[in-house]
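# Observations on the model geometry
One-letter residues, chain by chain:
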Amino acid sequence: MIRNFLFFAALCGLVACQDVPSDRIVIEGRIDQVPDSVVVRFFRSNGDYGEPIGTDTLRDGRFSMTITPLSDESELFYVGCPDHPNFPTATLHVWASPGERVRIRGNNTLTRTWRVKGKHPALRAEQRYIDVARDLWGECDRINIEQRRVRSLAKTATTEERKVLAAKRDSLAEYEFRVKHRIDALVIELMQRSDVDDKYLEELEGLARMVRYEGENYPHREAVLALYDRLSEEQRRLPVARAAAMGLFPPKQVAVGEPLIDGVMLDLAGENHSLSELKGRYILLDFWSNGCGPCVMAIPEMGEIAAQYADCLAVVSISIDTDKTWREASQEHPMTWFNWNDGRGEQGIYAHYYQGGIPSYTLLSPEGVVVKQWVGYGKGSLKRTIREVLGE
């Protein structure tokens, strides 16, 4: 009698655990050896970046989030603890369809060592690629956590302490590249014995980015080119494959002292524009995305510059987001200066002005010649640069 009751109770518990309504997605996890009160954040991918959709706080090492799907299609979510100083900024990629439950298990603060189980083929493919280098991904997370600590210490450090911290930061960055090169080698080996599928193409695009970013310093360039050569002509026409080709065979890029490279871009009203129409004034190009924190932080300062130098400088913000995200971002962050988008993301005019990241800036002379290029934003940095060049 007792045995039957225990079996029935266990069966009911199993059914309750497995059953997810068809109009919900459940992501749950258990992370051991991590203190309670840590906040786990959940983001929904909108194609350009992750939109926050909720949080849960670890209790007895457990967390959970029930999500209402946007449609009957599968979705990509990001899960992690990017705000906590003892966790990396990296998040897990979690694919799920309505009616599915995804389980996350870990025993440390190294997010990318956590294991994710679910039914979605893309999720299983992701875990297969992580498995070949899971320990190395954990090492990357350790580096990231240490980098966060160094940045935090630098905020209150003395001048001499900042020099030591800067050397530490450079050493960590160099070590991180070495670890990522080892990861890439293992991923390439897996791709060499795998069929060309969606995950293969996604990894190829990521490897191609490294080829473009590091140039001759990247040790696996020839191997990545060989992976690209495996693609059929039909596969090469896919957007992700075209993005990979952009990294492996980049278009001509402008350099200081060279004339601008132009393109056709749209404003929010749908009118066509080009950089050439602004010649006669200095032109400050700002390549940005709404998912880039520093890009958004720079917007107020660009507004001040546009107003202060209106008679001699044209500020042009060029979004690399999709049309939908760009328009939504433009409503959230109104711009009184030129706000354009060519609809081609990183493969459009941005590719000719690529500098390895965003926000990136290019200053053109009134004749349309590149005067200066730089990446990154800090409060007051744009004003200082413009003053240096314009001499005002």
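Note that the coordinates shown come from a computational prediction; the quantities given were computed from them, not determined experimentally.

## Some points on helix 6 (residues 221–229)
Those residues of helix 6 not exposed but buried are Val224, Leu225, Leu227 and Tyr228. Buried residues of helix 6, seen end-on, are gathered within an arc of 155 degrees and therefore sit on one face of the element. In this structure, helix 6 carries Glu222 and Asp229 as exposed residues pointing more than 90 degrees from its buried face. Taken together, the buried residues of helix 6 touch helix 4 (159–192), helix 5 (198–214), helix 7 (233–236) and helix 8 (239–248).

## Considering the side chain of His181
Summarising the element assignment, His181 is placed in helix 4. When neighbours within four sequence positions are excluded, His181 is seen to be in contact with Glu214, Asn217, Tyr218, Pro219 and His220.

## Overview of the state of the cysteines
Taken as a whole and assessed by the stated rule, the structure comprises one disulfide. Between the sulfur atoms of Cys292 and its disulfide partner Cys295 the distance amounts to 2.4 Å. For the disulfide bridge between Cys292 and Cys295, the dihedral angle about the S-S bond is near 80 degrees, and by the sign convention the bridge is right-handed. Across the pair, exposure class does not vary: Cys292 and Cys295 are buried alike. In this model Cys81 remains outside any disulfide bridge; the closest cysteine sulfur is found in Cys140, 18 Å from its own.

## Structural notes on the confidence of the model for the protein
Of the residues in the protein, 95% have a pLDDT of 70 or more, and the chain-wide mean is 91. Contacts for the low-pLDDT stretch residues 1–17, under 50 throughout, to residues beyond four places or in other chains number three contacts.

## Here we look at the pattern of salt bridges
Scanning the model with the defined rule gives 26 salt bridges in all. Here Arg169 makes a salt bridge to Asp170, at a shortest N to O gap of 3.9 Å. The class of Asp170 is partly exposed, set by a relative accessible area of 47%.

## Points about the pairing of strand 14 (residues 360–364)
Extensive coverage of strand 14 is indicated by the burial of five of its five residues. Residues Ser360, Thr362 and Leu364 of strand 14 are buried on one face, and the alternating residues Tyr361 and Leu363, pointing to the opposite face, are buried as well. Across five bridges, the pairing between strand 14 and strand 15 (residues 370–375) is antiparallel. Bridge pairing in strand 15 places Tyr361 opposite Trp374. Between strand 14 and the antiparallel strand that follows it, strand 15, lie five residues; Gly368 among them carries a positive phi value of about 85 degrees.

## Re the sheet that holds strand 12 (residues 313–319)
Pairing is mixed across the open sheet formed by five strands, whose spatial order is 13-12-11-14-15. Of all strands in the sheet, those with a lone pairing partner are strand 13 (338–340) and strand 15, marking the two edges. Here the strands of the sheet are splayed against their neighbours by 15 degrees on average, with no regard to which way each runs. As paired strands, strand 12 and strand 13 are joined by three bridges and run parallel to one another. Note on strand 13: the bridge partner recorded for Ile318 is Trp340.

## Re the nonpolar core
One finds Met191, Leu204 and Val224 to be the most contacted residues of the largest nonpolar core, which totals 32 residues. At the level of secondary structure, the elements contributing two or more residues to this core comprise helix 3 (134–154), helix 4, helix 5, helix 6 and helix 8. Among the elements that line this core, the one with the most residues is helix 4, at eight residues. In this view, Val224 contacts Ile188, Leu204, Leu207, Ala208, Val211, Tyr218 and Leu248; residues no more than four positions away in its chain are not counted. Counting 27 residues, the second-largest nonpolar core is a separate cluster that includes Ile27, Val34, Phe43 and Phe63.

## Overview of the pairing of strand 2 (residues 39–45)
With seven bridges joining them, strand 2 and strand 3 (residues 50–57) adopt antiparallel strand pairing. Note on strand 3: the bridge partner recorded for Val40 is Asp56. Between strand 2 and strand 3, which pair antiparallel and follow one another directly, the connecting turn spans four residues, one of which, Gly47, has a positive phi of 100 degrees. Two elements, strand 2 and strand 5 (residues 75–80), share four bridges in a ladder whose sense is antiparallel. Opposite Arg41, over in strand 5, you have Gly80 as the bridge partner.

## A word on the packing of aromatic side chains
In the structure shown here, the tally under the stated rule is nine aromatic pairs. A ring pair is formed by Tyr228 and Phe249, whose centres lie 5.6 Å apart and whose planes are at 70 degrees; its orientation type is edge-to-face. Taken together, the positions of Tyr228 in helix 6 and Phe249 in the loop between helix 8 and strand 9 (265–266) put the pair 21 residues apart, joining distant regions of the chain. You can call Phe249 partly exposed: its relative accessible area is 45%. Here the aromatic cluster, defined as three or more aromatic residues joined through ring pairs, consists of Phe287, Tyr350, Tyr353 and Tyr354. It is Arg212 that lies over the ring of Tyr354; its NZ or CZ is 4.0 Å from the centre.

## Observations concerning the environment of Leu190
Residue position: Leu190 is located in helix 4. Expressed as a C-alpha distance, the spacing of Leu190 and Tyr129, which sit 61 residues apart in the sequence, is 7.6 Å.

Reading the values: rules and limits
- Throughout this description, residue numbers start from 1 for each chain and increase along the sequence as written.
- Only residues with pLDDT of 70 or above have their local features reported here, since the model is predicted, and side-chain atom pairs are shown and tallied only from 80 upward, although totals for entire chains, interfaces and linings are computed over all residues.
- Heavy atoms from the whole structure form the basis of all side-chain values; hydrogens and water molecules are not counted.
- With a 1.4 Å probe rolled over the protein chains alone, any residue whose accessible area is under 20% of its type maximum counts as buried; one over 50% counts as exposed, and the rest are partly exposed.
- Per the convention used, a helix needs a DSSP run of H or I reaching at least four residues, while a strand needs a run of E reaching at least two, with both numbered from the N terminus.
- What the arc measures is the spread of directions leading from the helix axis to the C-beta atoms.
- Any pair of residues with heavy atoms lying within 4.5 Å of one another is described as a contacting pair.
- Throughout, disulfides are identified as pairs of cysteine sulfur atoms within 2.5 Å of each other.
- Looking at any residue, its pLDDT shows the predictor's confidence there, from 0 to 100.
- The rule for a salt bridge is simple: a side-chain nitrogen of Lys or Arg has to be within 4 Å of a carboxyl oxygen of Asp or Glu.
- At least two DSSP bridges between two strands are required for those strands to pair.
- Here an axis means a line fitted to C-alpha atoms, over the contact stretch when the element is a helix, while the angle between two N-to-C directions is reported on a 0 to 180 degree scale.
- Buried Ala, Val, Leu, Ile, Met, Phe, Trp, Tyr and Cys residues that are joined via side-chain atoms within 4.5 Å together make up what is termed a nonpolar core.
- Stacked, tilted and edge-to-face are the three classes assigned to paired rings of Phe, Tyr and Trp, where Trp is represented by its six-membered ring and a pair needs centres within 6.5 Å; plane angles under 30 degrees give stacked, over 60 edge-to-face, the rest tilted.
- By definition, being over a ring means that NZ of Lys or CZ of Arg is both within 6 Å of the ring centre and within 35 degrees of the ring normal.

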